[in-house]
Amino acid sequence: MKSTIAQVRTYERSVQLLMVNQFTINLGFYMLMPYLAAYLAGPVGLAGWLVGLILGVRNFSQQGMFLLGGTLADRLGYKPMIIAGLVLRILGFATLGLVESVPALLAASAATGLAGALFNPAVRAYVAADAGERRVEAFALFNVFYQAGILLGPLVGMLLTGVSFRVTCLVAAGIFALLSIVQIRALPARRGDDAGRGQDQEGVLSQWRGIVSNRPFLLFSVAMIGFYVMQFQVYLALPLEVRRLGGDGTFGTAAVAVLFAVSGLSTILFQTKVTAWCKARMEPGRALTWGLLTMGLGFVPLLVATAVPVPDGGVGLWLLAAVPPALSALLLAIGTMIAYPFEMDTIVRLSGNRLVATHYGLYNTICGIGITLGNLLTGAALDAARAAGMSALPWVALFAVGLACAAALYGLHRTGRLAPPVREVKPETANA
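Residues numbered from 1 in each chain as written. Predicted model: local features only at pLDDT ≥ 70, side-chain atom pairs only at ≥ 80, totals over all residues. Heavy atoms only, no water.

Some remarks on the overall build of the protein
Each helix and strand in the protein was counted, giving 17 helices and 0 strands. Relative to the compact-globule value of 22 Å for 432 residues, the protein shows a C-alpha radius of gyration of 21 Å, a close match. The 432 residues of the protein split such that 53% are buried. Considering only contacts in the protein between residues 6 or more positions apart, those separated by 24 or more positions represent 85%. Computing the positive centroid from 30 side-chain charges and the negative centroid from 19, the protein places the two 3 Å apart. (Helix = DSSP H or I, 4+ residues; strand = E, 2+ residues; numbered from the N terminus. Rg over C-alpha atoms; globule rule 2.2 N^0.38 Å. Buried < 20%, exposed > 50% of the residue type's maximum accessible area, 1.4 Å probe, protein only. Contact = heavy atoms within 4.5 Å. Lys, Arg positive; Asp, Glu negative; His and termini not counted. Charge placed at Lys NZ, Arg CZ, Asp CG, Glu CD.)

Quick notes on the side chain of Arg190
You can see Arg190 is positioned in the loop between helix H7 (165-186) and helix H8 (204-212). A relative accessible area of 9% means that Arg190 is categorised as buried. For Arg190, the side chain forms a polar contact with the side chain of Asp130, separated by 2.6 Å. (Polar contact = N/O pair within 3.5 Å; in protein donor to acceptor, adjacent residues only side chain to side chain.)

A closer look at helix H9 (residues 215-223)
Residues Phe217, Phe220, Ser221 and Ala223 constitute the buried set of H9. Seen along its axis, H9 keeps its buried residues to an arc of 165 degrees; they face one direction. Facing away from the buried side of H9 by more than 90 degrees, the exposed set consists of Arg215 and Val222. Residues of H9 that are buried sit in contact with H8, helix H10 (225-232), helix H13 (284-297), helix H15 (314-351), helix H16 (356-388) and helix H17 (393-414). (Arc of directions from axis to C-beta.)

Thoughts on the environment of Lys279
Assignment of secondary structure puts Lys279 in helix H12 (residues 250-281). When the C-alpha positions of Lys279 and Pro341 are compared, they lie 9.9 Å apart, and in sequence the two are 62 residues distant.

Looking at the environment of Leu331
Its location among the elements puts Leu331 in helix H15. Distance in space between the C-alpha atoms of Leu331 and Val304 is 15 Å, their sequence separation being 27 residues. In contact with Leu331, other than residues within four places in its own chain, are Thr294, Met295, Leu297, Gly298 and Pro301.

Looking at the nonpolar core
Generally speaking, soluble globular proteins have nonpolar side chains that are buried together. If you look at the biggest cluster of nonpolar residues, it comprises 116 residues, and the most contacted ones within it are Leu32, Leu40, Ile82, Phe93, Phe220, Leu292 and Tyr360. Take this core: its biggest share by element is 14 residues, from helix H2 (residues 13-41). Leave out the neighbours within four places in its chain, and Ile82 touches Leu18, Asn21, Phe119, Ala122, Val123, Tyr126, Gln183 and Leu187. Counting 5 residues, the second-largest nonpolar core is a separate cluster that includes Ala305, Leu317, Leu320 and Ala321. (Core = buried A, V, L, I, M, F, W, Y, C linked by side-chain atoms within 4.5 Å.)

Here's the deal with the packing of H2 against helix H6 (residues 135-163)
Here H2 crosses H6 at 35 degrees, and the two axes come no closer than 6 Å. For the crossing formed where H2 meets H6, the hand is right-handed. Classifying every residue of the contact of H2 with H6 gives 21 nonpolar, 6 polar and no charged. (Axes fitted to C-alpha atoms, helices over the stretch in contact; angles between N-to-C directions. Left-handed = near helix turned anticlockwise from the far one by under 90°. Nonpolar A, V, L, I, M, F, W, Y, C, P; charged D, E, K, R; others polar.)

Digging into the packing of aromatic side chains
Enumeration according to the criterion identifies 11 aromatic pairs in this entry. When the centroid spacing of 5.1 Å and the interplanar angle of 75 degrees are considered together, the rings of Phe29 and Tyr30 count as edge-to-face. A centroid spacing of 6.1 Å and a plane angle of 75 degrees characterise the contact between Phe139 and Phe142, whose relative ring orientation is edge-to-face. One end of the pair is Phe139 and the other is Phe142, both in helix H6 and 3 residues apart, which spans about a single turn. Comparing Phe139 with Phe142, the two get one shared label, buried. Linked through ring pairs, Phe220, Phe227, Tyr228 and Tyr363 together constitute an aromatic cluster. Positioned over the ring face of Tyr11 is Arg134, at 3.8 Å from the centre of the ring. (Phe/Tyr/Trp six-rings, centres within 6.5 Å; stacked < 30°, edge-to-face > 60°. Lys NZ or Arg CZ within 6 Å of the ring centre and 35° of its normal.)

Here we look at the side chain of Arg89
Structurally, Arg89 can be placed in helix H4 (residues 78-98). Notably, Arg89 is buried but unbridged: the nearest opposite-charge side chain belongs to Glu343, and the N-O separation is 17 Å. If near-sequence neighbours (up to four positions away) are discounted, Arg89 is found in contact with Ile25, Phe29, Gln62, Thr112, Ala115, Gly116, Phe119 and Phe176. (Salt bridge = Lys/Arg side-chain N within 4 Å of Asp/Glu carboxyl O.)

Details of H7
Residues separated by three or four positions in an α-helix point in the same direction, a consequence of the helix having 3.6 residues per turn. A rise of 1.5 Å per residue sets the reference length of H7, with its 22 residues, at 32 Å; its end C-alpha atoms lie 31 Å apart and thus fit the reference within 8%. Buried within H7 we find Phe165, Thr168, Cys169, Ala172, Ala173, Ile175, Phe176, Leu179, Ser180, Gln183 and Ala186. Check the buried side of H7 and you find it contacts H2, H4 and H6. Where H7 starts, the residue carrying a side-chain oxygen 3.1 Å from the main-chain nitrogen of Arg166 turns out to be Ser164. (Expected span 1.5 Å × (residues − 1).)

Here's what the structure looks like:
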């Protein structure tokens, strides 16, 4: 951990602040969101379909508005969008804890989603701009802070929710309020390196048409959908498999917690080492290919486990319920560690260092749509597997997704589409 902090200190103050910013954003978000559904269905007493609607509105408003958030960041500057997103999160979280009417809850959920759409592209574009040639290493460190927030948030939220979910909401809103004040006072104003080169005179629709015509970028975005579909299974398919075998009692709950701990802690401990090793030995396209291939292999332990007879109980059942999912979570984390920093860097390179936040926004929208469809198909595969007694079906399908996406990225790498001959603006010539 000391070496990680030492590395962080070698970056611009703005990059350091944005890393702490992302940790705090995830801390506040994951304090609240894992417990929101239970609160809405329990104390508030909403029907299941209404709970699903409220949660779905948050996801839709975030994924659907990423492109707009990225565009505004490129046109107005990164800092205003970061602040606007944080303020919306304050309002959204406070409202979730203080109201119980469905229209107000829907509005609050939409506000929390829109908040993410505003600050996520801006933060990543800002990190890319100020990290300069050290983007890959910066995004590796960024992922450490990102995962630390995900790991710690639910633990803090569990303690606060034990008192009252309203307390959790208000504390989360307070964290975002404090973070907003820090950003307003300490974060320098920043625009993209292409500011002042005519982008403000270029219409938004013209900019969007230009990005949509960037074929390598679109192909890369589609190929990376599988990365996020597989990554999300730590929250969907793996916990369901643990509970299918281990039950919903104390053991099942503890085994699911182990999944998240394995994923988060391995990233915190090894992300920077994995990135340094990969960068010294691989081109970005190869690293991305190996990352997605590793994630696909992450479902092999679960596939192998389906060939093992299910014990009636005891230690054997516990091991079967806990060990293969934990190994899968570890392999998914390793694959993510390999791919993520190069993924973020590749988006910048494919953008030609122009309208970077808008590219991040469209990329997130494409992957967000893919995640939704992928999770629907994964859920259908899980249901079909249970109904037909084919427990291997979901893991075969997810393994195939990993192979297909790795093959697609390898093809893009071999044909040179991940490194188009576009000259980037040098950091020293960029406008601050």
